[in-house]
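What follows is the residue order along each chain.
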Amino acid sequence: MTFSLLHRATPLARGTLRRLAVPTARPSAPVPRRTMAGGGHQPVSRSMEAKLFEGHPENEGWETTIYVTYAASLVLITFALGFAPDTSIKTWASSEARARLELQAKGKLDQPVFGVHYDTPENKYEFESKNPDNPFDEEEDDDDDDDEEEEEE
């Protein structure tokens, strides 16, 4: 390839190409191999000598913190997933159908309308009371208990 380039090039470029040409002959002295001062062999790794799942004899200071953190995280995730609400479509449809049936049984709903949600707090609970000062329609307490305690003192 270098030979064909030399014949096609101009005389000025031929001199430049000859200077840049890489000699194809191998050097007479062997190239030394780099051993990184290791003597030519790699030492055996300490991890290769360790036995599986035995660990090390003494406990380091950070290990206790990690174990406590892992245990607390496991408990927290278990409770969070255990008490998470059920958000499946079956659960929603079941509660919606139950709410429609209850409203129809009470006579508040004649025909269900498509697209209207009936399992809402407005349909579940009576928010309008006869007496705004007593929204849960509780009986009046005459506070006789308080008077008796004051007399005893």
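Scoring rules and cut-offs
Residues numbered from 1 in each chain as written. Predicted model: local features only at pLDDT ≥ 70, side-chain atom pairs only at ≥ 80, totals over all residues. Heavy atoms only, no water. Helix = DSSP H or I, 4+ residues; strand = E, 2+ residues; numbered from the N terminus. Contact = heavy atoms within 4.5 Å. Areas by Shrake-Rupley, 256 points an atom, 1.4 Å probe, with all protein chains shown as cover. Patch = residues over 30% accessible without salt bridge, like charges linked within 9 Å, V, L, I, M, F, W, Y side chains within 5 Å. Salt bridge = Lys/Arg side-chain N within 4 Å of Asp/Glu carboxyl O. Buried < 20%, exposed > 50% of the residue type's maximum accessible area, 1.4 Å probe, protein only. Polar contact = N/O pair within 3.5 Å; in protein donor to acceptor, adjacent residues only side chain to side chain. Expected span 1.5 Å × (residues − 1). Arc of directions from axis to C-beta.

Student: Please provide a residue-by-residue account of the overall build of the protein, values included.
Tutor: For the protein, the helix and strand inventory stands at seven helices and zero strands. Helices and strands in the protein line up, N terminus first, as α-α-α-α-α-α-α. For the protein, restricting intrachain contacts to residue pairs at least 6 apart in sequence, the fraction spanning at least 24 positions comes to 6%. When the accessible area of the protein is evaluated, it comes to approximately 15300 Å², of which 58% is carbon and sulfur surface.

Student: Run through a nonpolar patch on the surface, naming residues and quoting values.
Tutor: There is a patch of nonpolar side chains on the surface, built from Val75, Phe79 and Phe83 and spanning about 360 Å² of accessible area. Looking at where valine 75 falls in the secondary structure, it is placed in helix α4 (residues 61–82).

Student: So what about the side chain of serine 95? Which residues, and what values?
Tutor: As for its placement among the helices and strands, serine 95 is situated in helix α5 (residues 89–106). Here serine 95 falls in the buried class, since its relative accessible area comes to 19%. There is a polar contact of 3.0 Å between the side chain of serine 95 and the backbone oxygen of tryptophan 92.

Student: Account for the environment of valine 116, with residues named and values stated.
Tutor: Mapped onto the secondary structure, valine 116 falls in the loop between α5 and α6 (121–124). A residue is classified by how much of its surface remains accessible, and valine 116, at 36% relative accessible area, is partly exposed. For valine 116 and glutamate 96, which are 20 residues apart along the polypeptide, the C-alpha to C-alpha distance reads 10.0 Å. Once residues lying within four places of it in the same chain are set aside, the contact partners of valine 116 are Glu96 and Arg100.

Student: Please provide a residue-by-residue account of α5, values included.
Tutor: For α5, with 18 residues, the first-to-last C-alpha span of 26 Å sits near the 26 Å given by 1.5 Å per residue. Of the positions making up α5, those classed as buried are Ser95, Glu96, Ala99 and Leu103. Down the axis of α5, the smallest arc covering the buried residues is 100 degrees, so these residues share one side. For α5, the exposed residues lying more than 90 degrees away from the buried face are Lys90, Leu101 and Ala105. Buried residues along α5 sit in contact with α6. At the C-terminal side of α5, glycine 107 shows a positive phi close to 90 degrees.

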